[in-house]
Amino acid sequence: MGVKRDPREIRIDVGELVLDGFRVDPDRVSASFEHELSRLVREHGVPLAADGALAVDGLAGLPPLPAGLSARRLGQELARAVHAGLSGRGEVTR
């Protein structure tokens, strides 16, 4: 009674990542993004969804990223920015 349990499944559906100004392989960025976001969710959860299901249309107020990043590093940084937004840092549009 009253005991919160960790969810058995967390699903994050990212409809689109727009990479304006970057000259990298989008498939490599996507693979790196998915890997890093999965790691962050496993280790830290999704704080904004602690009370149940959450639908987010967009995240804003996230930090800008330098254009010279490698595909791997860009994917990691994008995942960290998205996870930060899902952790309550940044502006959420529902």
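The structure this text deals with has already been given above.
Residues numbered from 1 in each chain as written. Predicted model: local features only at pLDDT ≥ 70, side-chain atom pairs only at ≥ 80, totals over all residues. Heavy atoms only, no water.

> Please explain the pattern of salt bridges as it appears in this structure.
Two side chains with opposite charge may pair up if their charged atoms get near one another. Across all of its chains, the model carries 5 salt bridges by this definition. For Glu 36, the salt bridge identified is with Arg 39, shortest N-O distance 2.7 Å. Here Arg 39 and Glu 36 lie together in helix 1 (residues 26-44), a separation of 3 residues that amounts to about one turn. Glu 36 gets classed as buried once you look at its relative accessible area, which sits at 4%. Judged by relative accessible area, which is 24%, Arg 39 ranks as partly exposed. (Salt bridge = Lys/Arg side-chain N within 4 Å of Asp/Glu carboxyl O. Helix = DSSP H or I, 4+ residues; strand = E, 2+ residues; numbered from the N terminus. Buried < 20%, exposed > 50% of the residue type's maximum accessible area, 1.4 Å probe, protein only.)

> Please clarify how the environment of Arg 73 should be interpreted in this entry.
Its location among the elements puts Arg 73 in helix 2 (residues 71-86). Residues Arg 73 and Glu 36, 37 residues apart in the sequence, show an inter-C-alpha distance of 9.9 Å.

> Please clarify how helix 2 should be interpreted in this entry.
Residues spaced three or four apart along an α-helix point in a common direction, a consequence of the helix completing one turn every 3.6 residues. Between its terminal C-alpha atoms helix 2 stretches 22 Å, which fits the 22 Å expected from 16 residues at 1.5 Å a residue. The buried count for helix 2 comes to 13 of 16 residues, which makes it a mostly enclosed element. A positive backbone phi angle near 105° is found at Gly 88, which sits one or two residues after helix 2. (Expected span 1.5 Å × (residues − 1).)

> Honestly, the nonpolar core in this entry has me stumped. Any pointers?
Within soluble globular proteins, side chains that are nonpolar generally end up buried alongside one another. If you look at the biggest cluster of nonpolar residues, it comprises 13 residues, and the most contacted ones within it are Val 29, Phe 33, Leu 37, Leu 74, Leu 78 and Val 82. Contributing elements (two or more residues each) for this core: helix 1 and helix 2. If you tally residues by element for this core, the top one is helix 2, at 6 residues. Excluding anything up to four places from it in sequence, Val 29 contacts Leu 19, Val 24, Ala 71, Leu 74, Gly 75 and Leu 78. (Core = buried A, V, L, I, M, F, W, Y, C linked by side-chain atoms within 4.5 Å. Contact = heavy atoms within 4.5 Å.)

> How should I be thinking about a nonpolar patch on the surface in this particular structure?
Taken together, the side chains of Ile 10, Ile 12, Val 14 and Leu 17 make up a nonpolar region of the molecular surface, amounting to roughly 280 Å² of accessible area. Structurally, the position occupied by Ile 12 is in the segment before helix 1. (Patch = residues over 30% accessible without salt bridge, like charges linked within 9 Å, V, L, I, M, F, W, Y side chains within 5 Å. Areas by Shrake-Rupley, 256 points an atom, 1.4 Å probe, with all protein chains shown as cover.)

> Whenever I open this one, helix 1 confuses me. Can you help?
Between its first and last C-alpha, helix 1 extends 26 Å over 19 residues, near the 27 Å set by a 1.5 Å rise per residue. Those residues of helix 1 that sit buried are Val 29, Ser 32, Phe 33, Glu 36, Leu 37, Leu 40 and Val 41. Within helix 1, the buried residues cover an arc of 160° as seen down the axis, which keeps them to one side. Away from the buried face of helix 1 by more than 90 degrees, exposed residues Asp 27, Arg 28, His 35 and Arg 42 are located. Residues of helix 1 that are buried make contact with helix 2. For helix 1, the side-chain oxygen to backbone nitrogen distance between the N-cap and Asp 27 is 3.0 Å, and the N-cap itself is Asp 25. (Arc of directions from axis to C-beta. Polar contact = N/O pair within 3.5 Å; in protein donor to acceptor, adjacent residues only side chain to side chain.)

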